[in-house]
Amino acid sequence: MSPARTLLPLRRLACGAAALALGAGLVPALDAPARAADLLPPDDLRISEVYGGGGNSGATYTHDFVELRNTSDAPIGLDGWSLQYAAKAGAFSAGNTLQLSGTVPAGGTFLVQLAQGSGGTEALPTPDQTGSLALSGTGGVVALSNASGTLTCQFETCAGETAVVDLLGWGGAATYAGTAPAAATTNATSVSRTAETGDNSADFTTGAPTPQSSGADPTDPTDPTDPTDPVEPGAVVPIAEIQGTGAASPLAGTTVTTEGVVTAVYATGGLNGYVIQTGGTGGDIDPATAEASQGLFVHSPATVGDVEIGQGVKVTGQVSEYYDATQISVAAGGLTTPDAELAPVEPAVLTGGFPTDPEQRERLENMLILPAEGDLTVTDVYETNKYGEVGLAIGDQAYRQPAETLRPGAEATALYQQQLDDMILLDDGRTTNFSTATDVPMSYLSTEEPVRVGAGVGFEEPVVFSYSFDTWRLQPTTPWESSATDGISFEDTRQATPDEVGGDLQVGTFNVLNYFTTLGEDTPGCEPYTDRAGEGTSVRGGCDPRGAWGQDDLDRQQSKIVDAISTSGLDVVGLMEIENSARLGEEADEATATLVAALNEKDGAGTWAYVPTAAAYEAAGSDAGQDVISSALIYKPAAAAPQGDAVVLAEDPAFANAREPLGQVFAPVGEDSKGRAVQGEPFFFAVNHFKSKGSKDAADASLPADPVQGNSRTSRLAQANALNAWVQEQQEALGVEDVLLGGDFNAYTQEDPLQVFYEAGYTDLGSTFDEDGWSYSFDGMTGSLDHVLANGSARERITGATDWSINGAESPLALYSRANTNVTELYQEGPFASSDHNPMITGLDAEFAPASGGGNGNGNGNGHGNGNGKGRDNDNKGPGKNNGTPGGSNSGIGKGKGRQG
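Residues numbered from 1 in each chain as written. Predicted model: local features only at pLDDT ≥ 70, side-chain atom pairs only at ≥ 80, totals over all residues. Heavy atoms only, no water.

1. Remarks on the overall build of the chain
- For the chain, the count of helices and strands is 12 helices and 45 strands.
- With 901 residues in all, the chain has 56% of them scored as buried.
- As displayed, the chain has an accessible area near 33,800 Å², and 48% of this comes from carbon and sulfur atoms. (Helix = DSSP H or I, 4+ residues; strand = E, 2+ residues; numbered from the N terminus. Buried < 20%, exposed > 50% of the residue type's maximum accessible area, 1.4 Å probe, protein only. Areas by Shrake-Rupley, 256 points an atom, 1.4 Å probe, with all protein chains shown as cover.)

Right under this line is the structure:
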């Protein structure tokens, strides 16, 4: 099973595919903006500030509050008025309605103290009224009504209700006045009115909370919180001075005029603004020596339809930090023409390489840049289908899970966090949530140009380097429309067949991602995941099956798995996450038999067979495995022959929360030069599926959190020790020396469970033969949860190994269960996205007996090698192990272990 996902940051600000030199005359086609909510011109009494972080973590004040302001020259009584609150997507309710009373003095404020949290260090000034409304710390809706009854309005119509005197929606709220809600807040910030246009997005600015009650003295104009160097009204302030050299603008909260060349326009898509940059800037820039940024995002729903890329503009508005990104909010009338023509802007070429240092990145905020070849590589596509964001690693490789090369600990954890911090999001210039807007084509994703982890990224057009929601982003200069026009190319890394691994026999693993032949639609209680037409695709919950919903869904899933296994070249395959039919009350191995039948239909009758498991579970004292998913073994009879029955490690407490190991002795089979059937040296192959990282385990309760190893690491370590001990018992009982352990160990290569096997003499074949290979992608980092391990004697027979990257690199929307999720269809026939784990393939020397010569042929175990070999009798098929010594006179092929063929 996959680890639990850490979601990337939510949404979402601004900003940047345009010409390399931007001057006047470039006119993009602009769609009409979305219909705005009614404007609500402020009355004499208005909402002046709202704070919902009171008492939360990081808050200074202990209570939430709403501050009202009377701008008239007469007092206003509040009897019969109400203050009402709704969640961002919710409706007003009686329980969130506060009846107001008292009087707001002429020209004064009225402070309403609301719910208290458990934190905070300062009490509010003495409030004028108290209530118990609990506001969100990030966003919501507050209405000031001149009536006592609960408002029933919601969304666009609310601002036009006669009972609504003032309305504030902020932080992505669905109900607001004007064109968009005000910016989101944090536990340390409020939204305060700074303008009077009737548009929440233009009128309210985030900043430190400043509650004032009716008894407060007017703010002293010499208060040190005021700018020490006030900006002269009408003077043009350079963008670099607005940006400043720190993380926040030194002019935040100040109304300024500035000018620049338009480098990006987002008239559609939800960003509601444009980007300007100081004329004549750009070209070669070393972020290590650059000073303040020359770019600035202009948030202006009122004027975004009036600008063009390459146009010189002068704008006037208030500077603020929106999710820690500097911007200027410009209302209608705030856009004019510069006094003189501005020089064109060139995209920045980063001479010192793409920066990772936060200060160096800050110097590029909202500037137009053109990344160089090799600067960036796709490292995460998990969330691309939701918000059109592609995770990019700095450099020419995707980020690697630290535990692939480092033992878990402080160094690995630090590297893990550093890579998360360094990651860049390639954004799409719009705020669309494709999980709900399913009829809108997803950004970047297509079958013509697959976006895969590990692919290099080429930039034919410049992008804007922006920051929002705690993440640095590259924005196209207009909202994304199609892969053909986005100015960005992705390397095609799909590989139709795996790399050659050599050997006489290929042995490996394949996680088949909940392959169930017991269908959800046929099982009472099952609930489906659905496509955009409302049709079920896979089981969501409510029942034991975990796979396909209907037969058509199973057909899609099965087709891809069959193509992958058939093309892999594997002869013996350990399967994980296949239906445990016996546990579901079906005939034992029914699902495995169905998959084998489908493989034989493709590859020819008799090509594939499976290892029965019922007898193994019965012999171990169990009627079936403990989980509804299990492991299985399939093989090609022409290449390998099972020796005896399968064995299973059942009823062991270490595997109470995982799938039991399943093992089988196989002997390679073939023909000698005379066409006679021959068998090679037997080996024991055990397939495993350890406890996942995603869910917590009580055994880890006393351990510190470890983002590298994840959850349930105590369980996986216990499972590794139990498996190691069991395999030693099986070697002795079955009389076999060579051992291969395969499967999904849910542990990266240097994690503690794998160390158990290394200390016992095992070698991880993936990291040994395919150093750059990996089987799984998580949190924007690649690593191997799937392994094939060889003990010392089996290692001598290994000729190669590879991870075939057909699954881990793909978007989840290419899986069978995501068909028809979006109007852009990513599901395709073929092996790619047949699972979420890559198959692991190893080559094994069969060690067939030689065509002539060999040991003494008497089956008594006295054969000798020819100097350093395994003496073998090429005719005697006795099962006994001889004690042949190196250096004998008989011819042979041995490697120092002397065995009888």
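2. Details of the confidence of the model for the chain
- Confidence in the prediction for the chain averages 88 pLDDT; 87% of positions are at 70 or higher.
- Below pLDDT 50 for its whole length, residues 217–228 participates in five contacts with residues either more than four positions away or in separate chains.
- Between residues 852–901, whose pLDDT stays under 50, and residues either more than four places distant or in other chains, the model counts 117 contacts. (pLDDT = per-residue confidence, 0-100. Contact = heavy atoms within 4.5 Å.)

3. Overview of the state of the cysteines
- Using the criterion set out here, one finds two disulfides in the structure.
- Two residues share a disulfide in this structure: cysteine 153 and cysteine 158, whose sulfurs sit 2.0 Å from each other.
- Residue class for cysteine 153 comes out buried when judged on its relative accessible area of 7%.
- Note that cysteine 526 is cross-linked by a disulfide to cysteine 543, the S-S spacing being 1.8 Å. Every disulfide takes its handedness from the sign of the S-S torsion; for cysteine 526 and cysteine 543 that torsion is 100°, giving right-handed. Taken together, the residues span a long stretch of sequence, with cysteine 526 in the loop between β29 (505–515) and β30 (527–530) and cysteine 543 in the loop between β31 (536–541) and α6 (551–568) at a distance of 17 residues.
- Residue classification places cysteine 543 among the partly exposed residues on the basis of a relative accessible area of 22%.
- Listing the disulfide partners of the chain by sequence rank of the bonded cysteines yields 1-2, 3-4. (Disulfide = S-S within 2.5 Å.)

4. Section: the sheet that holds strand β44 (residues 798–803)
- Taken in spatial order, the six strands of this open sheet run β33-β34-β32-β29-β45-β44, and their pairing is mixed. The outermost strands of the open sheet, each flanked by one partner alone, are β33 (609–610) and β44.
- When strand β32 (residues 572–579) meets strand β34 (residues 629–635), the two strands line up antiparallel, connected through six bridges. Along β34, the bridge assignment pairs leucine 575 with alanine 632.
- Against the sheet, α6 touches β29, β32, β34 and β45 (840–844), its axis set at about 170° to β29. (Pairing = 2+ DSSP bridges. Axes fitted to C-alpha atoms, helices over the stretch in contact; angles between N-to-C directions.)

5. Points about the sheet that holds strand β10 (residues 164–170)
- One open sheet holds the four strands; their spatial order is β5-β4-β9-β10, and the pairing between them is antiparallel. Looking at the sheet topology across the chains shown, the edges are occupied by β5 (97–99) and β10. Averaged over all neighbouring strand pairs, the angle between strand axes comes to 15°, with direction disregarded.
- Bridge analysis of strand β9 (residues 140–145) against β10 gives six bridges, and the strand direction is antiparallel. Considered in β10, the bridge of valine 142 is made with leucine 168.

6. With respect to the nonpolar core
- Membership of the largest hydrophobic core comes to 56 residues, with the highest contact counts inside it found for Phe354, Val378, Leu392, Leu426, Phe459 and Leu474.
- Sort the elements by how many residues they give to this core and strand β23 (residues 390–394) lands first, with four residues.
- Once you skip the residues sitting within four places of it in the chain, phenylalanine 459 turns out to touch Leu370, Pro371, Leu376, Leu392, Leu426, Leu474, Gly487 and Ile488.
- Core analysis: the second largest hydrophobic core is formed by 30 residues, Ile578, Trp608, Ala819 and Ile841 among them. (Core = buried A, V, L, I, M, F, W, Y, C linked by side-chain atoms within 4.5 Å.)

7. Observations concerning helix α9 (residues 713–734)
- Compared with the 32 Å implied by 1.5 Å per residue over 22 residues, the 31 Å span of α9 between its first and last C-alpha is a close match.
- Taken together, the buried positions of α9 are Arg713, Ser715, Arg716, Gln719, Ala720, Ala722, Leu723, Asn724, Trp726, Val727, Gln730 and Gln731.
- For α9, the secondary structure elements touched by its buried residues are β35 (640–648), β36 (659–671), β38 (683–689), β39 (739–744) and α10 (752–759). (Expected span 1.5 Å × (residues − 1).)

8. A word on α6
- Across its 18 residues, α6 extends 25 Å between first and last C-alpha, which sits within 8% of the 26 Å expected from 1.5 Å per residue.
- Burial of α6 is extensive: 13 of the 18 residues sit out of reach of the surface.
- Count one or two residues on from α6 and you reach glycine 569, which has phi positive near 85°.

9. Some details on the packing of aromatic side chains
- Scanning the entire structure with this criterion turns up 14 aromatic pairs.
- Each ring, one from phenylalanine 465 and one from tryptophan 472, has its centre 4.8 Å from the other, and the planes form 15°; the classification is stacked.
- Taken together, a centroid distance of 5.8 Å and an interplanar angle of 85° make the contact between phenylalanine 757 and tyrosine 762 edge-to-face.
- On the basis of relative accessible area, tyrosine 762 is assigned to the buried category, the value being 7%.
- One aromatic cluster in this structure is built from Phe655, Phe690, Phe745, Phe757 and Tyr762. (Phe/Tyr/Trp six-rings, centres within 6.5 Å; stacked < 30°, edge-to-face > 60°.)

10. Some details on the environment of alanine 846
- Among the secondary structure elements, alanine 846 is positioned in the segment after β45.
- For alanine 846, the contacting residues outside a window of four places in its chain are Asp504, Pro668, Gly680, Glu681 and Arg797.

11. Regarding the pairing of strand β4 (residues 82–86)
- Across the five residues that make up β4, a large majority, five, are buried.
- What you see with β4 is no split at all: Ser82, Gln84 and Ala86 on one side and Leu83 and Tyr85 on the other are buried throughout.
- Relative to β5, β4 runs antiparallel, the two sharing three bridges. Directly across from glutamine 84, in β5, lies its bridge partner threonine 97.
- In this sheet, β9 lies alongside β4 in antiparallel orientation, the contact comprising five bridges. Each residue of the ladder has a partner; that of serine 82, found in β9, is serine 145.

12. Notes on the environment of proline 181
- The topology assignment puts proline 181 in the loop between β10 and β11 (190–193).
- With near-sequence residues (within four places) excluded, proline 181 lies in contact with Gly169, Trp170, Gly172, Ala173, Tyr176, Asn200 and Ser201.

13. Quick notes on the packing of α9 against α10
- With their axes 8 Å apart at the nearest point, α9 and α10 run at an angle of 20° to one another. One way to sum up the angle between α9 and α10 is to call them roughly parallel. Crossing of α9 against α10: the hand is right-handed. Residues Arg716, Leu717, Ala720, Asn721, Leu723 and Asn724 of α9 form the contact with α10, whose participating residues are Asp752, Pro753, Val756 and Phe757.
- For the contact of α9 with α10, the class distribution of residues is six nonpolar, two polar and two charged. (Parallel < 35°, antiparallel > 145°, perpendicular 65-115°, else oblique. Left-handed = near helix turned anticlockwise from the far one by under 90°. Nonpolar A, V, L, I, M, F, W, Y, C, P; charged D, E, K, R; others polar.)

14. Topic: the packing of α6 against helix α7 (residues 590–603)
- Contact pair α6 / α7: the axes reach a minimum separation of 10 Å and the direction vectors enclose 65°. At the point where α6 passes α7, the crossing takes the right-handed sense. Contacts between α6 and α7 involve Gln558, Ile561, Val562, Asp563, Ile565 and Ser566 on the former and, on the latter, Thr594, Leu595, Ala598, Leu599, Lys602 and Asp603.
- When its residues are assigned to classes, the contact of α6 with α7 shows six nonpolar, three polar and three charged.

15. As for the pattern of salt bridges
- By the definition in use, this model includes 20 salt bridges.
- Arginine 556 is the salt-bridge partner of aspartate 553, the closest N and O atoms lying 2.6 Å from each other. One end of the pair is aspartate 553 and the other is arginine 556, both in helix α6 and three residues apart, which spans about a single turn.
- Residue classification places arginine 556 among the buried residues on the basis of a relative accessible area of 16%.
- A salt bridge links aspartate 627 to arginine 659, with the nearest nitrogen and oxygen atoms 3.1 Å apart. (Salt bridge = Lys/Arg side-chain N within 4 Å of Asp/Glu carboxyl O.)

16. Topic: unusual backbone geometry
- The residue aspartate 589 is not glycine, and still its phi comes out positive at about 65°.
- Within the element layout of this structure, aspartate 589 appears in the loop between β32 and α7.
- Residue classification places aspartate 589 among the buried residues on the basis of a relative accessible area of 11%.
- Residues other than glycine seldom take positive phi values, yet glutamate 651 does so here, at roughly 60°.
- Along the chain, glutamate 651 turns up in the loop between β35 and β36.
- The exposure class assigned to glutamate 651 is exposed, which follows from its relative accessible area of 56%.

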